[in-house]
Amino acid sequence: RQQQRRKRCAAREVWRRDARQQAKQSEYFKAAEARRLSEVSTSFADSGVAKAEALVWKQMARKAFQYGDYFVAQLYYSEELARLPADDGERRAVVHSNRSVCLAKVRHFEAALEDARQATQLRPTWGRAWARFGSASASLGRASSQDARDAWFKAVAFDPSSQHIEGL
C-alpha cells in the first residue's frame, strides 16, 4: 500500500511540475509574441499593417513547427496567407509549401497535396514546391504514384539537391 501511495504521490508531483512548466512556457510565448509584434510593427511602420501581421504569423508558425506542433503551425500559416497581398505570388507559394508540410505531418495528405499544387502553380520552376507535391502524392498511395514520380522528377530538374534526388 505504501508503495502504491508513493507512486501516486510521485505521479501527482510530476503532473504538478509539468503543469507549472507549461504555464511558464505559455507566459514566455505570450511575452515573446508581444515583443515580436512590437518589433515588427515599428519596423514596418511605413508599409502595410497586413504585411507586418503576416510576418508575425510567419514567425509564430516557424516556432510552432520547430517545436513539433504542426497542427498549430499550419493554422498560423493559414493566418499568414490571409494577410499576404494577392499579387505576392512568390511569398504565397512559400506559405502554401510550408503549410503543405505541416498538413502532411498531421497526416492530412489531401489538403497537403492541394497546398503543394497551389505552390507549384504560383512558382512552377521552384523545386521545393514540386518536392512537396511529390511527397504528398506519394503519401496518398497507389492512385497518385505516377503524379508523385513526375513531381519528384520536376523537383530534381529544377533543383538538383540531394534531398530531392532521395525522393526519387
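Because the structure is a prediction, the values reported are computed rather than measured. (Residues numbered from 1 in each chain as written. Predicted model: local features only at pLDDT ≥ 70, side-chain atom pairs only at ≥ 80, totals over all residues. Heavy atoms only, no water.)

**Some words on the pattern of salt bridges**
Under the counting rule described, the total for this entry stands at six salt bridges. One salt bridge in this structure joins Glu 13 and Arg 16, with 4.0 Å as the shortest N-O distance. Highlighted residues: Glu 13 and Arg 16, both in helix H1 (residues 2-43), separated by three residues, approximately one helical turn. Look at the salt bridges and you will find they share partners, linking Glu 53, Glu 79 and Arg 83 into a network. (Salt bridge = Lys/Arg side-chain N within 4 Å of Asp/Glu carboxyl O. Helix = DSSP H or I, 4+ residues; strand = E, 2+ residues; numbered from the N terminus.)

**Focus: unusual backbone geometry**
Notably, Arg 107 is not glycine yet its phi reads approximately 65 degrees, a positive angle. Relative to the helices and strands, Arg 107 resides in the loop between helix H4 (89-105) and helix H5 (109-122). For Arg 107, a relative accessible area of 63% translates into the label exposed. (Buried < 20%, exposed > 50% of the residue type's maximum accessible area, 1.4 Å probe, protein only.)

**Section: the packing of aromatic side chains**
Within the structure shown, the criterion is met by three aromatic pairs. With centroids separated by 5.4 Å and ring planes inclined at 50 degrees, the aromatic side chains of Trp 57 and Tyr 76 adopt a geometry described as tilted. Of this pair, Trp 57 sits in helix H2 (residues 49-66) while Tyr 76 sits in helix H3 (residues 70-83), and the two are 19 residues apart along the sequence. Summarising the aromatic geometry, the rings of Trp 130 and Phe 133 are spaced 5.9 Å apart at their centres and angled 70 degrees between planes, so their arrangement reads as edge-to-face. Taken together, the residues span about one helical turn, with Trp 130 and Phe 133 both in helix H6 (residues 127-140) at a distance of three residues. (Phe/Tyr/Trp six-rings, centres within 6.5 Å; stacked < 30°, edge-to-face > 60°.)

**Considering a positive patch on the surface**
Side chains of Arg 5, Arg 6, Arg 8 and Arg 12 sit close together on the surface and give a patch of like positive charge. With respect to the helices and strands, Arg 8 occurs in helix H1. Overall, Arg 8 belongs to the partly exposed group, its relative accessible area being 45%. (Patch = residues over 30% accessible without salt bridge, like charges linked within 9 Å, V, L, I, M, F, W, Y side chains within 5 Å. Areas by Shrake-Rupley, 256 points an atom, 1.4 Å probe, with all protein chains shown as cover. Lys, Arg positive; Asp, Glu negative; His and termini not counted. Charge placed at Lys NZ, Arg CZ, Asp CG, Glu CD.)

**What to know about the side chain of Thr 120**
Note that Thr 120 resides in helix H5. A relative accessible area of 6% places Thr 120 in the buried class. Looking at Thr 120, its side chain comes within polar contact range of the main-chain oxygen of Arg 117, at 2.7 Å. (Polar contact = N/O pair within 3.5 Å; in protein donor to acceptor, adjacent residues only side chain to side chain.)

**Describing the packing of H5 against H6**
Close contact between H5 and H6 brings their axes to 8 Å; oriented N to C, the two are set at 155 degrees. The angle between the axes of H5 and H6 places the two elements in the roughly antiparallel class. Crossing of H5 against H6: the hand is left-handed. Where H5 approaches H6, its residues Phe 109, Glu 110, Ala 112, Leu 113, Ala 116, Arg 117, Ala 119 and Thr 120 are matched on the opposing element by Ala 129, Trp 130, Arg 132, Phe 133, Ala 136, Ser 137, Ser 139 and Leu 140. Of the residues contributing to the contact of H5 with H6, the split by class is 10 nonpolar, three polar and three charged. (Axes fitted to C-alpha atoms, helices over the stretch in contact; angles between N-to-C directions. Parallel < 35°, antiparallel > 145°, perpendicular 65-115°, else oblique. Left-handed = near helix turned anticlockwise from the far one by under 90°. Contact = heavy atoms within 4.5 Å. Nonpolar A, V, L, I, M, F, W, Y, C, P; charged D, E, K, R; others polar.)

**Some words on H3**
Here H3 contains 14 residues, and its C-alpha end-to-end distance of 20 Å stays within 8% of the 20 Å for a straight helix at 1.5 Å per residue. Along H3, the residues that are buried comprise Ala 73, Gln 74, Tyr 77, Glu 80 and Leu 81. Burial along H3 is one-sided: seen end-on, the buried residues are contained in an arc of 115 degrees. Elements in contact with the buried residues of H3: H2 and H4. (Expected span 1.5 Å × (residues − 1). Arc of directions from axis to C-beta.)

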